[in-house]
Amino acid sequence: MSPRKRILSGIQPSGTIHIGNYFGAVENWVRLMADYDCFFTIVDLHAITVTYDPKLLPQRVWDAALDNMAAGLDPARCTIFIQSHVPEHAELCWLLNCVTPLGELGRMTQFKEKSERERENVTAGLLNYPILQAADILIYKADAVPVGEDQAQHLEFTREVARRFNGRFGDYFPEPATLIGRGARVMGLDGDSKMSKSMDNFIGVTEEPDAIWEKLRPAKTDEARKRRTDPGSPDKCNIFGYHKLVTPEGELREIVAGCTGASIGCIDCKKILHRNLMKVLDPIRERRRDLALHPDRVREALDEGARKARAVARETLDGAKKLMGLL
Ligand code: TYM
């Protein structure tokens, strides 16, 4: 039997995960556990590349672990760990720093956006962020990386790093494929930008149903539909974008007919969305509650995950060092 292909993916510990993370990435991770040898990491070393509060970070990492496990990452079927618990990532990052031309880093979209926001605190860590991400992936010689569309550029960069290393020191790192999730780019509740924690336009996967309704009720719809009797265009409606993620085909067709024929209003449409979304999120919130009552299970999973990850990471790192001529 040929060994299973390997995937790695990562998520920032920025508090609760939102439905953009879920439909763009995590839902796919859960599915892929059946067929791949999976490594998932909470990237605390990436989180410290921007201004942050060291008192809040441990709780954020913990919340990310609980949310991801509640969303379906099963430590019996994947390796889940905290990035800084596998120090080999940082060591490989240094080696890769030394094969990466400086110019490319400043051109990365995420760097441009974040450095704009940071202004006073643009660190070398923020510039080198994509190299650490390349190290996260290459240290497991991952075949594929499941992510949302916003990470596509970082993955192209990772493949370039692999090619450059291989060209200089010999064929060593596979070039990982990008696997984009079903919700490639989930929009925020404002309808204008991608859903993200920093834009405060998100629905958290473990938020209470009432709190989610309070966010959905006033959310933007097709702006041309000013009155209940105006026909709407689902394709111009942000809410319809969410429906496509959670509403079954038949009901989706009814919504299109109801909206374009003005037989249902936006609030009715949002109520259907809320009901269907909660069918996905209710079990996650319940599992989250249960996990919080058993912190030992989570701690053990993370310890075991780091141990398994380190064994693989060490071997790859040693091979890379040897090729680079380090004694
Ligand atoms: P992060 O923490 O921003 O996001 C985690 C995953 O969620 C996806 N995602 C989205 N997908 C669709 N629509 C959205 N609105 C949305 N928001 C987030 C992201 O694409 C991602 O897959 N740099 C990475 C973390 C990272 C990583 C890695 C990822 C570090 N090392 C190695 C893959 C492999 C990040 O900031 O993701």
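Residues numbered from 1 in each chain as written. Predicted model: local features only at pLDDT ≥ 70, side-chain atom pairs only at ≥ 80, totals over all residues. Heavy atoms only, no water.

1. Let's talk about the site of the ligand
- Taken together, 27 residues surround the ligand, and among them Gln12, Tyr129, Asp136, Asp150 and Val186 come closest.
- At a separation of 2.9 Å, an oxygen atom of the ligand approaches a polar backbone atom of Gly148.
- Side-chain polar atom of Asp150 to an oxygen atom of the ligand: 2.4 Å apart, as the coordinates give it.
- A total of 710 Å² of accessible area belongs to the ligand in isolation, and the protein chains cover 95% of it.
- Looking at the shell around the ligand, the elements with two or more residues in it are β1 (6-11), α1 (19-32), α7 (124-138) and β4 (144-147).
- The residue makeup of the shell around the ligand, split by class, is 11 nonpolar, 12 polar and four charged. (Near = heavy atom within 4 Å. Polar contact = N/O pair within 3.5 Å; in protein donor to acceptor, adjacent residues only side chain to side chain. Areas by Shrake-Rupley, 256 points an atom, 1.4 Å probe, with all protein chains shown as cover. Helix = DSSP H or I, 4+ residues; strand = E, 2+ residues; numbered from the N terminus. Nonpolar A, V, L, I, M, F, W, Y, C, P; charged D, E, K, R; others polar.)

2. A few points about α1
- An ideal rise of 1.5 Å per residue puts 20 Å on 14 residues; α1 measures up with 18 Å between its terminal C-alpha atoms.
- The element α1 is largely enclosed, with a buried count of 10 among its 14 residues.
- Regarding α1, the residues found buried are Ile19, Gly20, Tyr22, Phe23, Gly24, Ala25, Val26, Asn28, Trp29 and Leu32. (Expected span 1.5 Å × (residues − 1). Buried < 20%, exposed > 50% of the residue type's maximum accessible area, 1.4 Å probe, protein only.)

3. Details of the packing of α1 against helix α12 (residues 266-292)
- The N-to-C vectors of α1 and α12 enclose an angle of 90°; their axes lie 13 Å apart at closest approach. Looking at the two axes, α1 sits roughly perpendicular to α12. From α1, Ile19, Tyr22 and Phe23 reach across to α12, where they touch Leu277, Val280, Leu281 and Ile284.
- A per-class count over the contact of α1 with α12 returns seven nonpolar, no polar and no charged. (Axes fitted to C-alpha atoms, helices over the stretch in contact; angles between N-to-C directions. Parallel < 35°, antiparallel > 145°, perpendicular 65-115°, else oblique. Contact = heavy atoms within 4.5 Å.)

4. Structural notes on the pattern of salt bridges
- Under the criterion given, the structure shown has 27 salt bridges.
- Across the salt bridge formed by Asp63 and Arg288, the nearest N and O atoms sit 3.1 Å from each other. Pair noted here: Asp63 is in helix α3 (residues 57-70) and Arg288 is in helix α12, with a separation of 225 residues, a long-range link. Of the two residues examined, Asp63 and Arg288, each falls in the buried class. (Salt bridge = Lys/Arg side-chain N within 4 Å of Asp/Glu carboxyl O.)

5. Describing the environment of Glu120
- By secondary structure assignment, the location of Glu120 is in the loop between α6 (109-118) and α7.
- Judged by relative accessible area, which is 78%, Glu120 ranks as exposed.
- For the pair formed by Glu120 and Asn238, sequence separation is 118 residues and the distance between their alpha carbons is 35 Å.

6. Focus on the packing of α3 against α12
- Where α3 meets α12, the closest approach of the two axes is 8 Å, and the angle between their N-to-C directions is 130°. The angle between the axes of α3 and α12 places the two elements in the oblique class. Regarding α3 and α12, the two cross each other, and that crossing is right-handed. Packed against α3, whose contacting residues are Asp63, Leu66, Asp67, Met69 and Ala70, the element α12 presents Ile284, Arg287, Arg288, Leu291 and Ala292 at the interface.
- Here the contact of α3 with α12 is composed, by residue class, of six nonpolar, no polar and four charged. (Left-handed = near helix turned anticlockwise from the far one by under 90°.)

7. Considerations on the packing of aromatic side chains
- Counted by the stated rule, this structure contains eight aromatic pairs.
- Aromatic side chains Phe165 and Phe169 sit 5.0 Å apart centroid to centroid with 50° between the ring planes, which places their arrangement in the tilted category. Here Phe169 and Phe165 lie together in helix α8 (residues 152-169), a separation of four residues that amounts to about one turn. Take Phe165 and Phe169: they sit in the same class, and that class is buried.
- Taken together, the ring pairs in this structure connect Phe165, Phe169, Tyr172 and Phe173 into an aromatic cluster.
- Over the face of the ring belonging to Tyr172 we find Lys141, whose NZ or CZ atom lies 3.7 Å from the ring centre. (Phe/Tyr/Trp six-rings, centres within 6.5 Å; stacked < 30°, edge-to-face > 60°. Lys NZ or Arg CZ within 6 Å of the ring centre and 35° of its normal.)

8. With respect to the pairing of strand β2 (residues 37-42)
- The element β2 is extensively covered by neighbouring structure, given that five of its six residues are classed as buried.
- Here six bridges tie β1 to β2, and the two strands are oriented parallel to one another. Its bridge partner being in β2, Gly10 is matched across the sheet by Thr41.
- Relative to strand β3 (residues 79-82), β2 runs parallel, the two sharing four bridges. If you follow Phe40 over to β3, its bridge partner there is Ile80. (Pairing = 2+ DSSP bridges.)

9. Describing the domain arrangement of the chain
- Domain boundaries in the chain define domain 1 (6-186 + 295-323) and domain 2 (209-288).
- Just the C-alpha atoms count here: the centres of domain 1 and domain 2 sit 33 Å apart.
- At the interface, 12 residues of domain 1 touch 10 residues of domain 2.
- Both faces combined, the contact of domain 1 with domain 2 buries some 940 Å², and carbon together with sulfur accounts for 69% of it.
- Among the residues of domain 1 in contact with domain 2, Ile19, Phe23 and Ala70 are the three that bury the most area, contributing 48% of the side total.
- On inspection of domain 1 and its partner domain 2, the count reaches two salt bridges.
- Where domain 1 packs against domain 2, one counts four residue pairs in polar contact (both at pLDDT 80 or more).
- Elements with a minimum of two residues in the side of domain 1 that touches domain 2: α1 and α3.
- Sort the elements by how many residues they give to the side of domain 1 that touches domain 2 and α3 lands first, with four residues. (Domains from an automatic or database assignment. Buried area = accessible area lost by both parts, 1.4 Å probe.)

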